[in-house]
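Coordinate analysis (summary)
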Amino acid sequence: MGENFNVTYITFGGYVEVEKYKYAYFVVIFITYILIICSNSTIVCLICIHPNLHEPMYIFIAALLVNSVLYSTVVYPKLLIDVLSEEQVISYSACLFQIFMFYVLVSSELLLLAAMAYDRYVSICKPLQYPTIMRKTTVTVLLVLPWLIPVCEFLCAWILMVKQRLCKFTLPSIFCNNSIYRLYCVKSRAITICGVFLLINLTLCPVVFILFTYTRIFIITYRSSPEVRKKAAQTCLPHLLVLVCFSLLLTYNVVMMEADVPKTVFLIMTLQLVLYHPLFNPIIYGLKMTEIYRHLKNLLLQQKMISRMQVYAYPTVVTNMSN
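Residues numbered from 1 in each chain as written. Predicted model: local features only at pLDDT ≥ 70, side-chain atom pairs only at ≥ 80, totals over all residues. Heavy atoms only, no water.

All right, on to the pattern of salt bridges then. All told, the structure shown has 2 salt bridges when counted by the stated rule. Ionic pairing is found between Lys78 and Asp82, a salt bridge with its closest N-O pair at 3.0 Å. Highlighted residues: Lys78 and Asp82, both in helix α2 (residues 56-83), separated by 4 residues, approximately one helical turn. Among the salt bridges present, the one from Arg120 reaches Asp119, with a minimum N-O distance of 2.9 Å. Each member of the pair Arg120 and Asp119 is classed as buried. (Salt bridge = Lys/Arg side-chain N within 4 Å of Asp/Glu carboxyl O. Helix = DSSP H or I, 4+ residues; strand = E, 2+ residues; numbered from the N terminus. Buried < 20%, exposed > 50% of the residue type's maximum accessible area, 1.4 Å probe, protein only.)

Quick look at the side chain of Thr221 now. Relative to the helices and strands, Thr221 resides in helix α6 (residues 189-222). Overall, Thr221 belongs to the buried group, its relative accessible area being 3%. Of the polar contacts made by the side chain of Thr221, one reaches the backbone oxygen of Ile217; its length is 2.8 Å. Polar contacts involving the side chain of Thr221 include one to the main-chain carbonyl oxygen of Phe218, which spans 3.2 Å. Not counting residues within four places of it along the chain, the set of residues in contact with Thr221 comprises Ile124, Val228, Arg229 and Ala232. (Polar contact = N/O pair within 3.5 Å; in protein donor to acceptor, adjacent residues only side chain to side chain. Contact = heavy atoms within 4.5 Å.)

Taking 1.5 Å of rise per residue, 34 residues should cover 50 Å, and α6 covers 48 Å from first to last C-alpha, within 8% of that figure. The largest bend in α6 is about 30°, located at Leu204, with the proline Pro206 one to four residues further on. When α6 is considered as a whole, its buried residues turn out to be Ile191, Cys194, Leu198, Leu202, Pro206, Val207, Ile210, Thr213, Tyr214, Ile217 and Thr221. (Expected span 1.5 Å × (residues − 1). Bend = angle between axes of the 7 residues up to and from the residue.)

Moving on, we come to the UniProt feature "transmembrane region" (unreviewed entry) in the protein chain. In this numbering, the UniProt entry assigns the feature "transmembrane region" (unreviewed entry) to residues 23-49, 56-76, 96-118, 139-161, 190-214, 235-254 and 266-287. What you have in residues 56-76 is 100% helix and 0% strand, and the ends, taken at the C-alpha atoms, are 30 Å apart. Across residues 96-118 one finds 100% helix and 0% strand; the C-alpha atoms that close the span lie 33 Å apart. (UniProt positions renumbered as here; feature names shortened; annotations may be inferred.)

In a disulfide, the sulfur atoms of two cysteines are held together by a covalent bond. Across all of its chains, the model carries 2 disulfides by this definition. Note that Cys95 is cross-linked by a disulfide to Cys176, the S-S spacing being 2.0 Å. Here the disulfide of Cys95 and Cys176 is left-handed, its torsion about the S-S bond being about -125°. Taken together, the residues span a long stretch of sequence, with Cys95 in helix α3 (residues 92-125) and Cys176 in the loop between β3 (170-171) and α6 at a distance of 81 residues. For Cys95, a relative accessible area of 0% gives the class buried. One disulfide in the model links Cys167 with Cys185; its S-S distance is 1.9 Å. What sets the handedness of the Cys167 and Cys185 disulfide is the S-S torsion sign, and at about 105° it is right-handed. Placement of Cys167 in the loop between α5 (136-162) and β3 and of Cys185 in the loop between β3 and α6 is noted, with a sequence separation of 18 residues between them. Classification of Cys185 as partly exposed rests on a relative accessible area of 31%. Counting its disulfide-bonded cysteines in sequence order, the protein chain shows a connectivity of 1-3, 2-4. (Disulfide = S-S within 2.5 Å.)

Another point: a nonpolar patch on the surface. Taken together, Val27, Phe30, Ile31, Ile34 and Leu35 make up a surface patch of nonpolar side chains, about 420 Å² in accessible area. Summarising the element assignment, Phe30 is placed in helix α1 (residues 18-49). Among the residues examined, Phe30 registers a relative accessible area of 39% and is labelled partly exposed. (Patch = residues over 30% accessible without salt bridge, like charges linked within 9 Å, V, L, I, M, F, W, Y side chains within 5 Å. Areas by Shrake-Rupley, 256 points an atom, 1.4 Å probe, with all protein chains shown as cover.)

This part takes up the packing of α2 against α5. For the pair α2 and α5, interaxial distance at closest approach is 11 Å and the crossing angle is 20°. One way to sum up the angle between α2 and α5 is to call them roughly parallel. Considering only the axes of α2 and α5, their crossing is right-handed. Facing α2, whose interface residues are Pro56, Ile59, Phe60, Ala63 and Asn67, α5 presents Val139, Leu142, Leu143 and Trp147. Class assignment of the residues belonging to the contact of α2 with α5 gives a composition of 8 nonpolar, 1 polar and no charged. (Axes fitted to C-alpha atoms, helices over the stretch in contact; angles between N-to-C directions. Parallel < 35°, antiparallel > 145°, perpendicular 65-115°, else oblique. Left-handed = near helix turned anticlockwise from the far one by under 90°. Nonpolar A, V, L, I, M, F, W, Y, C, P; charged D, E, K, R; others polar.)

Pasting the structure below:
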């Protein structure tokens, strides 16, 4: 593959001995992807099915889990194809599309967490005004904006990236991300300024808002009754745990992008970015949110009872057929 300006394909250089371990890569990635889809979809279905979960808090959780599935789908299918291919390549246009979708969904995650923080603030600190403030229209707006705002803002950066010329064609990663800047012939000042703006507007601002909101919640609940403090802990701690995990992974990934580290370490950290978070979300919300956990427990008990009935019914069927 000659490295000239007519080349439209980029090679992923972040894999470690992919030919030797390609089947191990495939099995791990495939199982992880299936687990992500099944676990997140189970919680979303529980929220959709049960009327007592049709509250803003649970609707935001469902949106967050749907976002996790979309986030994984941007990355995992391409990974599965690449590990079984002789060459791990992607067209430049497809790479730009993957970058666009990946960072839009990452930003949507933070904005959804910010919407959830606002919902918890109103619910705990202004309970009497909650039905008036968190109306159906408000909830719809808070659901749409976390996806709409990143699309509009990243579109500007994406247009600037389309116009860039490549002088290198090996990306030091296993999927397309901001390390593509290393491949450009000329560093674009416009893209750098746009990137800083997006970082502040779609990452730092939501995180600061979330931390400020939960700080206000804990200050107010500290002066309240034990029941209020317990409610605040049950509903807010899972959101904070998700935020901390996600923020740490993003921060570490950005640092690793700029650092000169061994390829194996870089691969492990990149996998953690797309592995832990989509898997942890349904676990955190499924175990820590009382109502979701109760419905999930009932679902598992029902499945267990059905399995037992099938096991007991099978010998009877065999006996009847023999007679």
